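Each chain, letter by letter, is given below.
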Amino acid sequence: MLLLLLSLLAYGWLIIRAFFAWKRLLVPAIPAGFIPATKISVIIPVRNEAQQIPVLLQDLEMQNYPVELFEVLVVDDHSDDGTAQQIQEFIAVTKLQLRLIRLAGHTEATGKKAAIKQGIAQASSELLVFTDGDCRVQPDWLLYFAHTYETQQAFFMSGPVSFHNTHTLLERMQLVEFASLIGVGGASIGLRQPNMCNGANLAYTRAVFQEVGGFAGNEGIASGDDEFLLHKVNQLYPERIAFLKHPRAMVHTEARKTVRSFISQRVRWASKWRSYQSLAVKLVALTVFVVNLLLFLAIPGVLLGWLSFWTFLAAYAAKFLIDFLFLNQILTFMGRQNYLIFMLPLQLVYIPYVLYTAISGLTGRYTWKGRTIRNHD
């Protein structure tokens, strides 16, 4: 019981700190007279995104950003669904400075990190902006990156990501769970103790990428092209990392359609946790794991008479209240406050889900986009 209480206190302290840090984060609206001067290279690593990539490219055509100031590089990682053909057809009719880079023509390496490195090698701009092929971006997306870069001299910028087209219970529960990750990531940047970000809405300078050695040190980890880099930049420039907390800087993507694909995605994310170098980041991950493990073990504890029912109920209620207060803030920012109701079914599966993905992630082996991946240190 004492261990459960201590873990809840530690967890509560982390979330309360995140609550107030998120509240303090503020990215003001861009002034009406702002004229950007920054050249940007948008790099989109893709694999088998034939259905989604044309819509993203249309969004980029609609950017409220001078077309002569940005280029778009789509790096195709051995797609076999017609992705490259879709991009070539778009190149023929677009006003964008758009290029298709076939990873197979430049390196034997595969995977997202290899695609990003190739994109950076061929990009012509200092500021590099990243998203994924299955995302949607808003018209002011690039403006917010440029404004933050020019006014805050930021070297690394992370932006919010949410889901759209959420129709099923599974998709809506994912939105709530994902919102908590985005909120924690943004708050941690506000605290200058960054622990997570999302590669679907990210930017950094070429200079800082090269200065920290790019992906050196974690090349064997297929995932983590975003977070490992964030941690490395934080070691040198904690004051030059920014979070774009503004609704118009938000990127939208699709939730996973099946439980199997959802679990596979989360195992992929969890597979990088054991390779974190920052002690603070490891402690956060460990605290979340331990509190969920102890709450899970509390169930048989009640059944066997080792723990009173009221203590069990109070522990679950305390965690629910802490999560509710934090998620209310994040979902309100995302314009999805009505999704708070989906916290209830999420609570029923969240603890076993966290335990399963965390333990499965330790193996470093998972399947993603038709490939079986095995991480190695």
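See the structure shown above.
The present account deals with the structure reproduced in this document. (Residues numbered from 1 in each chain as written. Predicted model: local features only at pLDDT ≥ 70, side-chain atom pairs only at ≥ 80, totals over all residues. Heavy atoms only, no water.)

1. Quick notes on a nonpolar patch on the surface
To keep it simple, the criterion reads: Patches in this entry comprise residues that are over 30% relatively accessible and not in a salt bridge; like charges within 9 Å are linked, as are nonpolar side chains (Val, Leu, Ile, Met, Phe, Trp, Tyr) within 5 Å. All accessible-area figures derive from a Shrake-Rupley calculation using a 1.4 Å probe, and residue coverage is judged against the displayed protein chains alone. Any Lys or Arg side-chain nitrogen found within 4 Å of a carboxyl oxygen on Asp or Glu counts as a salt bridge. Strands are runs of DSSP state E lasting at least 2 residues, helices are runs of H or I lasting at least 4, and numbering of each runs from the N terminus. Burial classification: accessible surface area is computed with a 1.4 Å probe over protein chains only, and a residue below 20% of its type maximum counts as buried, one above 50% as exposed, and the rest as partly exposed.
On the surface, Phe 296, Leu 297, Ile 299, Leu 303, Leu 304 and Trp 306 cluster together into a nonpolar patch covering about 700 Å² of accessible area. Locating Leu 303 in the fold gives a position in helix α10 (residues 279–303). For Leu 303, a relative accessible area of 73% translates into the label exposed.

2. Thoughts on the pairing of strand β4 (residues 127–130)
A regular strand places its side chains so that they alternate between the two faces of the sheet. Rules: Two strands are said to pair when DSSP picks up at least two bridges between them.
The side-chain alternation of β4 yields two buried faces, one formed by Leu 127 and Val 129 and the other by Leu 128 and Phe 130. The pairing of strand β1 (residues 40–46) with β4 spans four bridges and is classified as parallel. Within the sheet, the bridge partner assigned to Ile 43 lies in β4 and is Phe 130. Here four bridges tie β4 to strand β7 (residues 202–205), and the two strands are oriented antiparallel to one another. Across the sheet, residue Val 129 finds its bridge partner in β7, namely Ala 203.

3. Brief notes about the nonpolar core
Rule in force here: Side-chain atoms within 4.5 Å are what join buried Ala, Val, Leu, Ile, Met, Phe, Trp, Tyr and Cys residues into a set we call a nonpolar core. Working rule for contacts: check all heavy atoms of both residues, and any pair within 4.5 Å makes them a contact.
Grouped together as the largest cluster of nonpolar side chains are 112 residues, with contacts concentrated most on Val 42, Leu 60, Val 72 and Tyr 204. When residues in this core are grouped by element, the largest group, nine residues, is from helix α6 (residues 169–190). The contact partners of Val 72, leaving out residues within four places of it in the chain, are Val 42, Ile 44, Leu 57, Leu 60, Leu 96, Gln 97, Leu 98 and Arg 99.

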